[in-house]
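# What the coordinates show
Spelled out from the first residue to the last, the chains are:
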Amino acid sequence: MSPSSDKDISRLGNPSFVGKHGSHCHSSPDHAACVPEEGGGTGHSGTKLGYTVTDVPPWYLSILLGIQHFLTAMGGLVAVPLMLSKGLCLQHDLLTQSHLINTIIFVSGICTLLQVLFGVRLPIIQGGTLTFLTPTLAMLSLPNWKCPAWTNNATLVNTSSPEFIQVWQTRMREVQGTIIVTSCFQIFVGFSGLIGFLMRFIGPLTIAPTITLVALPLFESAGDMAGQHWGIALLTTFFIVLFSQYLKHVAVPLPSYKRGKKCHFFPIYLFQIFPVLLGLSLSWLLCYVLTVTSVLPAAPTAYGHLARTDSRGDVLSQAPWFRLPYPGQWGTPTVSLAGIFGILAGVISSMLESVGDYYACARLCGAPPPPKHAISRGIGMEGIGCLLAGAWGTGSGTTSYSENVGALGITKVGSRMVIIAAACAMLLSGIFGKVGAMLASIPIPVIGGMFLVMFGVIVAVGISNLQYTDMNSSRNIFIFGFSLFAGLTIPNWASKNSALLETGIIQLDQVILVLLTTGMFVGGLMGFILDNTIPAFNHQLNLTLLLQEHRRSGGSWHGSKATREGRRALSSFPRSMTFLLA
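Since we're looking at a predicted model, the values are computed, not measured.

## Observations regarding the overall build of the protein
Within the protein one finds 24 helices and eight strands. Residues counted as buried form 55% of the 582 residues belonging to the protein. Summarising the internal contacts of the protein: among those between residues at least 6 apart in sequence, 78% fall at separations of at least 24. Per element, the accessible surface of the protein, about 24,700 Å² overall, is 67% carbon and sulfur.

Structure follows, in structure tokens:
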């Protein structure tokens, strides 16, 4: 692969990494990578690190920082089963929801250990991914998988009846089988090294609409949850925004003890590290106070009743203290063709996002940029993680967590041992049944307030990929705008006019309906086709000059005299023709 392709894969403007003592480590295989010495190193932007990748902090510090990483990932881990519960007909079965939460936490611990020890070998957390959620919900909205009307009425649902168990487990088994099959594609792409080849054809104009459309169609679900009590939901949002944006640079002095210094206070940026956890906890506490004082209505049909802490049932007392999740716990997985094609879009989106996370993680933890074989190994290991998630029945695949990559820059601790401790904390919490039950009992409006922030950030992350292309180009503006709008309009029309798409072949009808109602697939496909086929005629001459200069400089952009117009021409050129740079 050409050096320019390496830069495309990283999705970062800086192709080199400043290592310890000012040495430079390049992502190109032609340059030797420097390995940080033990006892600290230099990370992103020359920031001094307390511990680098290969360092081993004291055991107590590893445990504390590991628990911190686990709590940082908690919002994403809980979001997937809670959002999926309605599609699985489980909105009134909180005990099963708690089992799903325990399962996804437990499997995330296993996948994190595999990734850190055998995958890309960077300190990066693995957890449930929202990129699988949209196609999964599209599959579960097919006529044969829609929930029976009686499951929407809490008075008619007997969660222990064989009929109800059969209803939700058949849907879960279908999701499991689909994830298992599609994970094989990710395993193949990763371990075969094809991820580097695919990245030559998938640029920001494909990535941006795909990731944006992961969360954008979920506005209705988030609004319904928040609308159960807008006061509580907006207060939750306010707390999260306050902590994550306004108070993130405020240090909280906490008591500490160190030999020689005795007792002293150590500044910790709690608000920056735990904005979601603190926001949820405060809103949850307020709901409890309003429930005890009978401010919130007790009548089930009254507005605001679901903000009560007792409205979600007595799931905490029903949940067992210990429950070990195991493969096939919901039965033997089944597979349908329709779900496979839909979730493949989620797999591709997850892979693209993870590649960027690998480079960001390496820059923040004092490691050289990951070479191609490490990236391929990481993607392949994520495929194995998705396979395990499907076998255990989490309802989702797994991916790298960007929020934990950001936490590395806050703590200045990039040690793999800390993430191993976090994985162990996940495994223990996944076995402890009361943890899942407690998280499943969070009031609905509190969850809705969290989703308002979380889904908004995901949309913004998708759009932010446009910084790696020239948005002064009318070509690029057209591709992104059309792809995004098509990803909203076509699924909306297809879901309302499914009868017009019938061909008479049931399996084919299901495939077409799932694909056309999955916004991230429609938008990503449009962006991919247009970005690889529309030429940039207005910059053709500048592009030719740029390519000639590129070859004269030995295939490197460093020291190139290419003009700004030439660079703009390159960013506007079809991605499929980047082989000219080889």
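## Concerning the pattern of salt bridges
Applying the stated criterion across every chain yields a total of two salt bridges. Between aspartate 310 and arginine 308 there is a salt bridge, and its shortest N-O distance comes to 3.0 Å. Among the residues examined, arginine 308 registers a relative accessible area of 8% and is labelled buried. A salt bridge links aspartate 531 to arginine 475, with the shortest nitrogen-to-oxygen separation between them at 3.1 Å. Linking aspartate 531 in helix H22 (residues 519-533) with arginine 475 in helix H20 (residues 474-496), this pair joins segments that are 56 residues apart in sequence.

## Section: the nonpolar core
Side chains of nonpolar character tend, in soluble globular proteins, to be buried together. Counting 108 residues, the largest nonpolar core has Ile105, Leu122, Leu130, Ile195, Leu439, Phe451 and Phe455 as the members making the most contacts within it. Other than its neighbours up to four places away in sequence, leucine 122 contacts Val116, Tyr358, Cys361, Ala362, Cys365, Ala367 and Arg416. In terms of nonpolar packing, the next biggest core, distinct from the first, is built from eight residues, Phe106, Ile110, Leu388 and Trp392 among them.

## Focus on the packing of helix H2 (residues 59-72) against helix H3 (residues 74-84)
Close contact between H2 and H3 brings their axes to 4 Å; oriented N to C, the two are set at 40°. For the element pair H2 / H3, the angle class is oblique. Contact residues: H2 offers Phe70, Leu71 and Thr72, while H3 offers Met74, Gly75 and Leu77. Among the residues making up the contact of H2 with H3, the classes are represented as four nonpolar, two polar and no charged.

## Quick look at the side chain of asparagine 476
Relative to the helices and strands, asparagine 476 is located in helix H20. A polar contact of 2.7 Å, which involves the side chain of asparagine 476, links it to the side chain of arginine 475.

## Structural notes on the environment of phenylalanine 219
Inspection of the secondary structure assignment puts phenylalanine 219 in helix H9 (residues 219-226). Taking the C-alpha atoms as reference, phenylalanine 219 lies 7.9 Å from phenylalanine 455; in sequence the two are 236 residues apart.

## Looking at the environment of glutamine 68
You can see glutamine 68 is positioned in helix H2. Its relative accessible area of 10% is what places glutamine 68 among the buried residues. Taking the C-alpha atoms as reference points, glutamine 68 and isoleucine 419, 351 residues apart in sequence, are found 9.8 Å from one another.

## With respect to the state of the cysteines
All chains considered together, the criterion is met by one disulfide. Here cysteine 89 engages in a disulfide with cysteine 147; their sulfurs sit 2.1 Å apart. Taking the sign of the torsion about the S-S bond as the criterion, the disulfide between cysteine 89 and cysteine 147, at about -100°, is left-handed. Linking cysteine 89 in the loop between H3 and helix H4 (94-118) with cysteine 147 in the loop between helix H5 (133-140) and helix H6 (162-191), this pair joins segments that are 58 residues apart in sequence. By relative accessible area, cysteine 89 is classed as buried at 1%. Accessibility expressed as a relative area gives 22% for cysteine 147, which makes it partly exposed.

## Overview of the environment of valine 181
Among the structural elements, valine 181 can be located in helix H6. On a C-alpha basis, the gap between valine 181 and cysteine 386 in space is 9.6 Å, while along the polypeptide they are 205 residues apart. Aside from chain neighbours lying at most four places away, what touches valine 181 is Val335 and Ile340.

## Let's talk about a nonpolar patch on the surface
On the surface, Trp59, Tyr60, Ile63 and Ile67 cluster together into a nonpolar patch covering about 470 Å² of accessible area. Judged by relative accessible area, which is 49%, tyrosine 60 ranks as partly exposed.

## As for the packing of aromatic side chains
One pass over the structure, following the stated rule, counts twelve aromatic pairs. Geometrically, the ring pair formed by phenylalanine 239 and phenylalanine 243 is stacked, given 6.1 Å between the ring centres and 10° between the ring planes. Note that phenylalanine 239 and phenylalanine 243 are positioned in helix H10 (residues 230-246) at a spacing of four residues, about one turn of the helix. Site record: aromatic cluster; members linked through ring pairs are Phe238, Phe239, Phe243 and Phe271. Positioned above the aromatic ring of tryptophan 321, the side-chain terminus of lysine 434 is 5.1 Å from the ring centre.

## Considerations on the confidence of the model for the protein
Detail in the predicted coordinates should be disregarded across regions flagged by low pLDDT. Per-residue confidence for the protein gives a mean pLDDT of 79; residues scoring 70 or more make up 81%. Across residues 1-39 the pLDDT falls below 50, and counting only partners more than four positions away or on other chains, this stretch makes 89 contacts in the model.

## Some points on the packing of H6 against helix H14 (residues 337-364)
Relative to each other, H6 and H14 sit at 40°, their axes nearing to 9 Å. It follows that H6 is oblique to H14 by the angle criterion. Every pair of crossing elements has a handedness; the one defined by H6 and H14 is right-handed. From H6, Thr178, Ile179, Val181, Thr182, Phe185, Gln186 and Val189 reach across to H14, where they touch Gly339, Ile340, Ile343, Leu344, Val347, Ile348 and Met351. Taken together, the residues that form the contact of H6 with H14 break down as ten nonpolar, four polar and no charged.

## Side note on the side chain of threonine 129
Turning to its location among the elements, threonine 129 is positioned in the loop between strand S5 (126-128) and H5. Here the side chain of threonine 129 touches threonine 131 through a polar contact of 2.6 Å, side chain to side chain. The residues touching threonine 129, leaving out its near neighbours within four places in the chain, are Val80, Ser396, Gly397, Thr398 and Thr399.

So, how was this worked out
Residues numbered from 1 in each chain as written. Predicted model: local features only at pLDDT ≥ 70, side-chain atom pairs only at ≥ 80, totals over all residues. Heavy atoms only, no water. Helix = DSSP H or I, 4+ residues; strand = E, 2+ residues; numbered from the N terminus. Buried < 20%, exposed > 50% of the residue type's maximum accessible area, 1.4 Å probe, protein only. Contact = heavy atoms within 4.5 Å. Areas by Shrake-Rupley, 256 points an atom, 1.4 Å probe, with all protein chains shown as cover. Salt bridge = Lys/Arg side-chain N within 4 Å of Asp/Glu carboxyl O. Core = buried A, V, L, I, M, F, W, Y, C linked by side-chain atoms within 4.5 Å. Axes fitted to C-alpha atoms, helices over the stretch in contact; angles between N-to-C directions. Parallel < 35°, antiparallel > 145°, perpendicular 65-115°, else oblique. Nonpolar A, V, L, I, M, F, W, Y, C, P; charged D, E, K, R; others polar. Polar contact = N/O pair within 3.5 Å; in protein donor to acceptor, adjacent residues only side chain to side chain. Disulfide = S-S within 2.5 Å. Patch = residues over 30% accessible without salt bridge, like charges linked within 9 Å, V, L, I, M, F, W, Y side chains within 5 Å. Phe/Tyr/Trp six-rings, centres within 6.5 Å; stacked < 30°, edge-to-face > 60°. Lys NZ or Arg CZ within 6 Å of the ring centre and 35° of its normal. pLDDT = per-residue confidence, 0-100. Left-handed = near helix turned anticlockwise from the far one by under 90°.

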